[in-house]
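Observations on chain architecture
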Amino acid sequence: MTLFRCLLLPVLFLISACGGAVPEGQSPRILAMGDSLLAWHSLAGKSISDTVARELQEPVVDRSVSAARIIYKLPISGAAGMNIRKQYTPGEWDWVIVNGGGNDLWLGCGCFACNRKMDKLIASDGRKGAIPGMLAELRASGAKVIYVGYLRSPGVGSMIEHCRDEGNELEARIERLAALDEGIFFLSNKDLVPYGDRSYHALDMIHPSVKASSEIGRKVAEIIRTN
């Protein structure tokens, strides 16, 4: 890990760990857990979860943390949210919005020679691995699950452009997993960003812009509304 990333991660953690407040008198039924795709813009009240809450006019408890991973072995920071699986909070959830895996590939193996890491996350048939294990636990609670896919870069000016093939493979496997369980919904954002259009990304060309977070949030809300 570069010095820049080492300095950046604590800042991102503090920014994203502030969400999740539940309005007094309202019983939440929607939980969000994941990485910066969900956490971005949370301080401004414009994250994906914020949009879902506004669209449905009900609270969403957001435990997502920037830079979090599916496979994360450090115990203290993992328990504090860097391990996506440990972001789960017991409750009477009807829906869990979840994402993850991107940091495992980008930060974990640089999106190069990641076959072993990919298989640990999810097998090619979608049946085994850390992601199916996590979703099985969520489904066992009685909740339906929406797995939110990542944005793709618009083909210009992004440090994660080289991760495109790995991202496509990861999400193809998650889509196979979702096909096995009618209570799991996979929301792909693979085709959301038109080629050359920078407006769907923040200035770093990695994270979602407010525009993208809002559009994804509306799609998530529509899945909940119609199912």
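Cut-off values and rules
Residues numbered from 1 in each chain as written. Predicted model: local features only at pLDDT ≥ 70, side-chain atom pairs only at ≥ 80, totals over all residues. Heavy atoms only, no water. Disulfide = S-S within 2.5 Å. Buried < 20%, exposed > 50% of the residue type's maximum accessible area, 1.4 Å probe, protein only. Helix = DSSP H or I, 4+ residues; strand = E, 2+ residues; numbered from the N terminus. Pairing = 2+ DSSP bridges. Right-handed = clockwise from strand over helix to strand, strands pointing away.

Another point: the state of the cysteines. Disulfide: a covalent bond formed between the sulfur atoms of two cysteine residues. In total, this model carries two disulfides according to the counting rule given. The side chain of cysteine 109 participates in a disulfide bridge whose partner is cysteine 114; the two sulfur atoms lie 1.9 Å from each other. Residues cysteine 109 and cysteine 114 share a disulfide whose torsion about the S-S bond is about 120 degrees; that sign makes it right-handed. What makes cysteine 114 buried here is its relative accessible area of 4%. The residue that forms a disulfide with cysteine 111 is cysteine 163, at a sulfur-sulfur distance of 2.1 Å. Note on the cysteine 111 and cysteine 163 pair: the S-S dihedral is about 100 degrees, so by sign convention the disulfide is right-handed. Taken as a pair, cysteine 111 in the loop between α5 (102–109) and α6 (115–121) and cysteine 163 in the loop between β4 (144–148) and α8 (164–179) lie far apart in primary sequence, 52 residues in all. With a relative accessible area of 3%, cysteine 111 lands in the buried category. On the accessibility criterion, cysteine 163 (10% relative accessible area) is buried. Once the disulfide-bonded cysteines of the protein chain are ranked by sequence position, their pairing pattern turns out to be 1-3, 2-4.

Next up on the list: the environment of isoleucine 71. Tracing the backbone through its elements, the reader meets isoleucine 71 in the loop between β2 (60–62) and α4 (75–82). It is 8.0 Å that separates the C-alpha atoms of isoleucine 71 and isoleucine 84, two residues lying 13 residues apart in sequence.

Our focus in this paragraph is the pairing of strand β5 (residues 184–187). The two faces of β5 match: Ile184 and Phe186 on one face and Phe185 and Leu187 on the other face are all buried. Bridge count for β4 against β5 is four bridges, and the pairing is parallel. Within β5, the residue paired with valine 148 across the bridge is leucine 187. Of the crossover connections in this fold, the one passing from β4 over α8 to the parallel β5 is right-handed.

For the rest of this paragraph, the subject is the pairing of strand β3 (residues 95–98). Judged by which residues are buried, β3 turns out to be covered on both faces: Trp95 and Ile97 on one side and Val96 and Val98 on the other are all buried. The sheet contact formed by strand β1 (residues 30–33) and β3 spans four bridges and is parallel. Within β3, the position partnered with leucine 31 by the bridge is valine 96.

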